[in-house]
Amino acid sequence: MAIDLLNHKLDRAFDHIDASGNGVVEREDLLGLGARILVGFGESPTSVTGASLVDSFDDIWSALAQALERDGDSGIARPDFRAGMTEAFVTGDRYDSVFRPATLAVAELCDSDRDGRIGPGEFRTMLCAFGVAYDDVDEAFDRLDRSGRGTLTVDELVQAASDYYRGVDPNAAGNWLFGPL
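This write-up is about the structure you can find in this document.

**Considerations on the packing of helix α2 (residues 27–40) against helix α3 (residues 48–67)**
Where α2 contacts α3, the two axes come as close as 9 Å, and the packing angle between them is 155 degrees. The angle between α2 and α3 falls in the class roughly antiparallel. The handedness of the crossing between α2 and α3 is right-handed. Between α2 and α3, the residues in contact are Arg27, Leu30, Leu31, Leu33, Gly34, Ile37 and Leu38 and Gly50, Leu53, Val54, Phe57, Asp58, Ile60 and Trp61, respectively. Its residues placed into classes, the contact of α2 with α3 shows 10 nonpolar, two polar and two charged.

In structure tokens form, the structure reads like this:
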């Protein structure tokens, strides 16, 4: 059950990256996701914040390629994506050093007014970049906002990403990061 849940979430992550729907993700696809996030927030990829996000997404790609023992130019099919994500970030030791900084860069970008809080509009902008259905965004936000205060903290969003990408608890709030599973 836990493996099925994790694989399902990793398959959704694959779909977020594979914007063309060709069944293979490439470095450009992952960087394209980063670009969609930056455009959504009106951030230049050459700004400090933008460069941090681009660099962190590039680091994810490098860790995936390394886990799969491939060069960084090869495309990755869905089963290999699952295996690489699991090897590098779930059972491997690269989450904190590689993936977490990327989630932090995204969360900090969502906090556009730098008040430490992410509102529903900022959350919607992020999820739209990931291709999440518009109707799923409000429910996702409400599930993650367990305190009911109408905002998420940067830390809560980073923790939700950890629950989503690494967690096997079917009741974890982070499973709702991208809407219903």
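**Quick notes on the pattern of salt bridges**
One pass over the full model with this rule turns up eight salt bridges. Here Arg27 ties to Asp58 by a salt bridge, and the two come within 2.6 Å at their closest N and O atoms. Residue Arg27 is found in helix α2, and its partner Asp58 is found in helix α3; the two are separated by 31 residues along the sequence. You can call Arg27 partly exposed: its relative accessible area is 29%. A salt bridge links Arg143 to Glu139; the nearest nitrogen and oxygen atoms lie 3.4 Å apart. On the criterion of helical spacing, the pair formed by Arg143 and Glu139 is a turn pair, its members being four residues apart in helix α7 (residues 134–144). Residue Arg143 is classed as partly exposed on the basis of its relative accessible area, which comes to 41%. Through salt bridges with shared partners, a single network forms among Asp11, Asp15, Arg78 and Arg82.

**Comments concerning the environment of Leu33**
Of note, Leu33 is situated in helix α2. Placed 72 residues apart in sequence, Leu33 and Ala105 show a C-alpha to C-alpha distance of 13 Å.

**A few points about empty space enclosed by the protein**
In the structure shown here, the tally under the stated rule is one cavity of 30 Å³ or more. What the largest cavity holds in volume is close to 260 Å³. Around the largest cavity, the lining is made up of 21 residues, and of these Phe57, Phe99, Thr103, Phe130 and Tyr165 lie nearest the centre. Among the elements that take part in the lining of the largest cavity, helix α5 (residues 95–110) stands out by supplying five residues, more than any other.

**Concerning the packing of aromatic side chains**
All chains considered together, the criterion is met by nine aromatic pairs. Ring geometry for Phe130 against Phe178: centres 4.9 Å apart, planes inclined by 45 degrees, an arrangement best described as tilted. Linking Phe130 in the loop between α6 (120–129) and α7 with Phe178 in the segment after α8 (154–166), this pair joins segments that are 48 residues apart in sequence. Residue Phe130 is classed as buried on the basis of its relative accessible area of 9%. Assessed through its relative accessible area of 2%, Phe178 is described here as buried. With a centroid separation of 5.1 Å and 75 degrees between ring planes, the pair formed by Tyr164 and Tyr165 is classed as edge-to-face. According to the relative accessible area criterion, Tyr164 is buried, its value standing at 0%. A connected cluster of aromatic rings, assembled from ring pairs, spans Phe89, Tyr95, Phe99, Phe130, Tyr164, Tyr165 and Phe178. Just above the ring of Tyr164 sits the side chain of Lys9; from NZ or CZ to the centre is 5.7 Å.

Definitions and cut-offs
Residues numbered from 1 in each chain as written. Predicted model: local features only at pLDDT ≥ 70, side-chain atom pairs only at ≥ 80, totals over all residues. Heavy atoms only, no water. Axes fitted to C-alpha atoms, helices over the stretch in contact; angles between N-to-C directions. Helix = DSSP H or I, 4+ residues; strand = E, 2+ residues; numbered from the N terminus. Parallel < 35°, antiparallel > 145°, perpendicular 65-115°, else oblique. Left-handed = near helix turned anticlockwise from the far one by under 90°. Contact = heavy atoms within 4.5 Å. Nonpolar A, V, L, I, M, F, W, Y, C, P; charged D, E, K, R; others polar. Salt bridge = Lys/Arg side-chain N within 4 Å of Asp/Glu carboxyl O. Buried < 20%, exposed > 50% of the residue type's maximum accessible area, 1.4 Å probe, protein only. 1 Å grid on protein atoms, 1.4 Å probe; cavity = no way out; pocket = protein on both sides within 12 Å on 5 of 7 lines; lining within 4 Å. Points joined across faces, edges and corners; volume = space filled by probe spheres on them. Phe/Tyr/Trp six-rings, centres within 6.5 Å; stacked < 30°, edge-to-face > 60°. Lys NZ or Arg CZ within 6 Å of the ring centre and 35° of its normal.

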